[in-house]
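# Coordinate inspection notes
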Amino acid sequence: GQQLNQSPQSMFIQEGEDVSMNCTSSSIFNTWLWYKQDPGEGPVLLIALYKAGELTSNGRLTAQFGITRKDSFLNISASIPSDVGIYFCAGQHTGTASKLTFGTGTRLQVTL
Amino acid sequence: GAVVSQHPSWVICKSGTSVKIECRSLDFQATTMFWYRQFPKQSLMLMATSNEGSKATYEQGVEKDKFLINHASLTLSTLTVTSAHPEDSSFYICSAHLLLGYTFGSGTRLTVV
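Okay, so let's go over this structure. (Residues numbered from 1 in each chain as written. Chains lettered and ligands numbered in written order. Predicted model: local features only at pLDDT ≥ 70, side-chain atom pairs only at ≥ 80, totals over all residues. Heavy atoms only, no water.)

Let's shift gears to the environment of F91(B). As for its placement among the helices and strands, F91(B) is situated in strand β9 (residues 90-98). Separated by 52 residues in the primary sequence, F91(B) and F39(B) have C-alpha atoms spaced 6.3 Å apart. If we skip the residues at most four places from it in the chain, F91(B) touches Q37(A), G40(A), E41(A), Y36(B), R37(B), Q38(B), S106(B), G107(B), T108(B) and R109(B). (Helix = DSSP H or I, 4+ residues; strand = E, 2+ residues; numbered from the N terminus. Contact = heavy atoms within 4.5 Å.)

Next up on the list: the side chain of T80(B). Topologically, T80(B) is positioned in strand β8 (residues 76-81). Ignoring anything within four residues of it in the chain, the contact list for T80(B) reads S18(B), V19(B), K20(B), K66(B), F67(B) and L68(B).

A few words now on the nonpolar core. Of all hydrophobic cores here, the largest spans 24 residues; its most connected members are W35(B), F67(B), L79(B), Y92(B) and L110(B). For this core, the secondary structure elements donating two or more residues are β2 (10-13), β3 (19-25), β4 (32-38), β5 (45-51), β7 (67-73), β8, β9 and β11 (108-112) of chain B. When neighbours within four sequence positions are excluded, L79(B) is seen to be in contact with V19(B), K20(B), I21(B), W35(B), F67(B), L68(B), I69(B) and Y92(B). Counting residues in each nonpolar core, the second largest holds 21 residues, with L46(A), L61(A), A63(A) and V110(A) among its members. (Core = buried A, V, L, I, M, F, W, Y, C linked by side-chain atoms within 4.5 Å. Buried < 20%, exposed > 50% of the residue type's maximum accessible area, 1.4 Å probe, protein only.)

On to the sheet that holds strand β1 (residues 5-7) of chain A. Residues and elements named next belong to chain A. The five strands are arranged β1-β3-β8-β7-β6 in an open sheet whose pairing can be described as antiparallel. Strand pairing shows two members of the sheet lacking a second neighbour, β1 and β6 (55-58), which therefore form its edges. On average, each strand axis in the sheet is tilted by 15° relative to the strand beside it, whichever way the strands run. In the sheet, β6 pairs with strand β7 (residues 61-65) via four bridges, with the strands oriented antiparallel. Within the sheet, the bridge partner assigned to N58 lies in β7 and is L61. (Pairing = 2+ DSSP bridges. Axes fitted to C-alpha atoms, helices over the stretch in contact; angles between N-to-C directions.)

For the coordinates displayed, the defined rule picks out five salt bridges over all chains. With a closest N to O distance of 3.2 Å, K99(A) and E59(B) form a salt bridge. Taken as a pair, K99(A) in the loop between β9 (85-92) and β10 (100-102) and E59(B) in the loop between β6 (57-58) and β7 lie in two separate chains rather than in one. D88(B) serves as the salt-bridge partner of K66(B), at 2.8 Å between the closest nitrogen and oxygen. Taken together, the residues K66(B) in the loop between β6 and β7 and D88(B) in the loop between β8 and β9 connect sequence positions 22 residues apart. For the pair formed by K66(B) and D88(B), the shared burial category is buried. (Salt bridge = Lys/Arg side-chain N within 4 Å of Asp/Glu carboxyl O.)

On to the sheet that holds β8(B), then. All names here are of chain B. Read across the open sheet, the four strands follow the order β1-β3-β8-β7; overall the sheet is antiparallel. Edge positions in the sheet fall to β1 (4-7) and β7, since each has one partner strand and no second. Within this sheet the neighbouring strands show an average axis-to-axis angle of 15°, counted without direction.

Spelled out as structure tokens, the structure:
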């Protein structure tokens, strides 16, 4: 099935640094979601975006829904050790029985 | 908040046997649930959409006779992996759609030996 392309695939950063990752698609989505997955767990929703151009924050996290509706980015400011995990974007088309298409994931590792 | 409970969290079975995974919505009713499979270091791939009271809708390439889905009530969907083989070893995750988004179970690690 279709997957969304995320970059970078993985990143090592130092505690306190800002992080930026993005997600691109060849098709338009009407909703973009960002999830974090810890090892052996299901994904947990971080931010949901519903309108093109929308910029939404959740604590140290900020995400934007691209104007073209084919991309989104997630920024994490002042990273801390518990930010370690895999971040997935997910897109939803309207009228497709609410199915989500997940991105390829960005693995984040934070060093002290 | 809305919670989806998934059991078991891990299971080891012998090749050729069947394994049932349960997904329950604890404090809400879920007419639609989704089943995903995730191989190591890969993304979540949708297997099927489970609809309460009707047949599940399977994604292309997913064998419906091998991955049996039952959604007999508004709070329970089950995935049965029949005649499991080592290549079925994976992390299986269920999800329910809510008004404001999706909530995921904690996943089931299946190992077929």
